[in-house]
Amino acid sequence: MSNKQKVGFIGAGYMGKGMIINLLKDFEVYIIAHKNRQPIEELKKIGAKEVLSYDELCNLNLDCLFLCVTNTPVALSIANELTNKLSLSTIVIDITTHHQTGSIEMLNIFKKNNINYCECPVMGGPVQSEDGILGGILGASEKNYKVAEQYLKSFCKNIFHFGDVGQGAKAKLICNFLSLGTTTFVIETFKALKKHNIDLEKFYEVAKLGSGSSGALSRVADKAINGDYKGYIFSVDNTHKDLTYINDLLKDMPNAEKLSSLTKSFYKNASDKGMGNLLISELIEKDNS
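Treat the numbers as computed from the prediction; the structure is a model and nothing was measured.

**Description of the pattern of salt bridges**
Close approach of charged atoms allows side chains of opposite charge to pair.
Working step 1: Summed over the entire model, instances satisfying the criterion amount to 14 salt bridges.
Working step 2: Ionic pairing is found between lysine 44 and glutamate 41, a salt bridge with its closest N-O pair at 3.8 Å. Residue lysine 44 and its partner glutamate 41 are located together in helix H2 (residues 37-45), separated by three residues, close to a single helical turn.
Working step 3: According to the relative accessible area criterion, lysine 44 is partly exposed, its value standing at 34%.

Shown next as structure tokens:
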């Protein structure tokens, strides 16, 4: 029998898959059935164990449970289902990007049953997740920070403790305001290059020399110069969701609210056109707005 600690993971999608690959190096990892079977089957081949229900997952007396789901309503639904079933020795680490009060609502659900909870949304994409170099944005008590750190180090290069639960969610949204705003400028810049028949590769070499150089530019351009517009692995619908949360957070800041509202509208329009499942960098090719 293995002496490794038991880690449960809900949400083996684009981001979760890489996290689980790294967690498997040190822990026994249990994943729950998912509508997207490809990552589940790949993870099972390298040692992850699949369970078919929340009851089965909770009956394992987990040391740690990760949540990495699409939005706050989904996370709250799962929390309400799990809170009476988890062992008191389980710490819940929530990777979900929440709206500004979402993680506080999660904390209150678990607190009723004395389950330890912390939030740790991350910066980086699926490549950084698999490489184990994400940046963790932690909201937790000092006690839970020390417990969670051993698990988060599996896939985070650095963990930044912003304070109690709630501060991590706000810091993450403001980080995404910067990153998604910059990426939107990159996408619209590439559309302008196409429209005006400007050589993309030459432009990229010039742009890298100036203050327009950014991680967003590199993630998109490195592949786009070869005709691949899937460099930024984040969907239109997820971007619209995050920008909705950001817009709400910034509603008392007129300039920031206007910027986030305008940016949000680009992705709402794309989603309304049936492009919600596209990666946002694919809009360079697919969207003529």
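**What about the nonpolar core?**
Inside soluble globular proteins, nonpolar side chains tend to come together where they are buried.
Working step 1: Phe66, Ile93, Ile95 and Leu152 are the most contacted members of the largest nonpolar core, which totals 34 residues.
Working step 2: Tallying contributions element by element places helix H1 (residues 14-23) first for this core, with five residues.
Working step 3: When residues no more than four places from it in sequence are discounted, the contact partners of phenylalanine 66 are Val7, Gly8, Phe9, Ile10, Leu23, Ile93, Ile95, Tyr151, Leu152 and Phe155.
Working step 4: Counting 30 residues, the second largest nonpolar core, distinct from the first, contains Ile187, Ala207, Val236 and Ala256.

**Focus on the layout of surface pockets**
Working step 1: Each pocket or cavity is described by its volume, and for the second largest pocket that value is around 210 Å³.
Working step 2: Surrounding the second largest pocket, Phe177, Gly181, Thr182, Thr184, Phe185, Glu188, Leu243, Leu259, Ser260, Leu262, Thr263 and Phe266 form its lining.
Working step 3: The set of elements that each furnish at least two residues to the lining of the second largest pocket consists of helix H8 (167-195) and helix H12 (254-275).
Working step 4: When residues of the lining of the second largest pocket are assigned to their parent elements, the largest contribution, six residues, is made by H8.
Working step 5: Broken down by class, the residue content of the lining of the second largest pocket amounts to six nonpolar, five polar and one charged.

**Quick notes on the environment of isoleucine 93**
Working step 1: By the secondary structure assignment, isoleucine 93 is in strand E5 (residues 91-94).
Working step 2: Here isoleucine 93 is in contact with Cys64, Leu65, Phe66, Leu67, Cys118, Cys120, Ala148, Tyr151 and Leu152, once residues within four sequence places are set aside.

**Thoughts on H1**
Working step 1: With eight of 10 residues buried, H1 is to be regarded as a mostly interior element.
Working step 2: Burial in H1 covers these residues: Met15, Gly16, Gly18, Met19, Ile20, Ile21, Asn22 and Leu23.

**Concerning the packing of helix H9 (residues 200-207) against helix H10 (residues 215-224)**
For any two helices packed against each other, one specifies the inter-axial angle together with the distance between the axes.
Working step 1: For the pair H9 and H10, the least separation of the axes is 10 Å and the interaxial angle reads 150°. In this view, H9 runs roughly antiparallel relative to H10, as classed from their interaxial angle. Our pair here, H9 against H10, has a crossing hand that is left-handed. Where H9 approaches H10, its residues Leu200, Tyr204 and Ala207 are matched on the opposing element by Leu217, Ser218, Ala221, Asp222 and Ala224.

**Quick word on helix H11 (residues 236-249)**
Working step 1: For H11, spanning 14 residues, the distance from its first C-alpha to its last is 20 Å, which sits close to the expected 20 Å at 1.5 Å a residue.
Working step 2: Taken together, the buried positions of H11 are occupied by Val236, Thr239, Lys241, Asp242, Leu243, Tyr245, Ile246, Asn247 and Leu249.
Working step 3: Contacts from the buried residues of H11 go to helix H4 (72-82), H8, H12 and helix H13 (283-286).

**Some thoughts on the packing of aromatic side chains**
What describes a pair of aromatic rings is the distance from one ring centre to the other and the angle between the planes of the rings.
Working step 1: Within this structure, the stated rule accounts for four aromatic pairs.
Working step 2: Between phenylalanine 110 and tyrosine 117, the ring centres sit 5.7 Å apart and the planes meet at 15°, which makes this aromatic pair stacked.
Working step 3: In this structure phenylalanine 110 comes out as buried when scored by relative accessible area, which is 0%.
Working step 4: Among the aromatic residues, those joined into a ring-pair cluster are Phe9, Phe66 and Phe155.
Working step 5: Just above the ring of tyrosine 232 sits the side chain of arginine 219; from NZ or CZ to the centre is 4.0 Å.

**Some words on the side chain of asparagine 22**
Working step 1: Here asparagine 22 lies in helix H1.
Working step 2: Take asparagine 22: its relative accessible area is 3%, and that puts it in the buried class.
Working step 3: With residues up to four places along the chain from it excluded, the contact list for asparagine 22 reads Ser129, Glu130, Asp131, Gly132, Ser154 and Phe155.

Criteria and thresholds
- Residues numbered from 1 in each chain as written.
- Predicted model: local features only at pLDDT ≥ 70, side-chain atom pairs only at ≥ 80, totals over all residues.
- Heavy atoms only, no water.
- Salt bridge = Lys/Arg side-chain N within 4 Å of Asp/Glu carboxyl O.
- Helix = DSSP H or I, 4+ residues; strand = E, 2+ residues; numbered from the N terminus.
- Buried < 20%, exposed > 50% of the residue type's maximum accessible area, 1.4 Å probe, protein only.
- Core = buried A, V, L, I, M, F, W, Y, C linked by side-chain atoms within 4.5 Å.
- Contact = heavy atoms within 4.5 Å.
- 1 Å grid on protein atoms, 1.4 Å probe; cavity = no way out; pocket = protein on both sides within 12 Å on 5 of 7 lines; lining within 4 Å.
- Points joined across faces, edges and corners; volume = space filled by probe spheres on them.
- Nonpolar A, V, L, I, M, F, W, Y, C, P; charged D, E, K, R; others polar.
- Axes fitted to C-alpha atoms, helices over the stretch in contact; angles between N-to-C directions.
- Parallel < 35°, antiparallel > 145°, perpendicular 65-115°, else oblique.
- Left-handed = near helix turned anticlockwise from the far one by under 90°.
- Expected span 1.5 Å × (residues − 1).
- Phe/Tyr/Trp six-rings, centres within 6.5 Å; stacked < 30°, edge-to-face > 60°.
- Lys NZ or Arg CZ within 6 Å of the ring centre and 35° of its normal.

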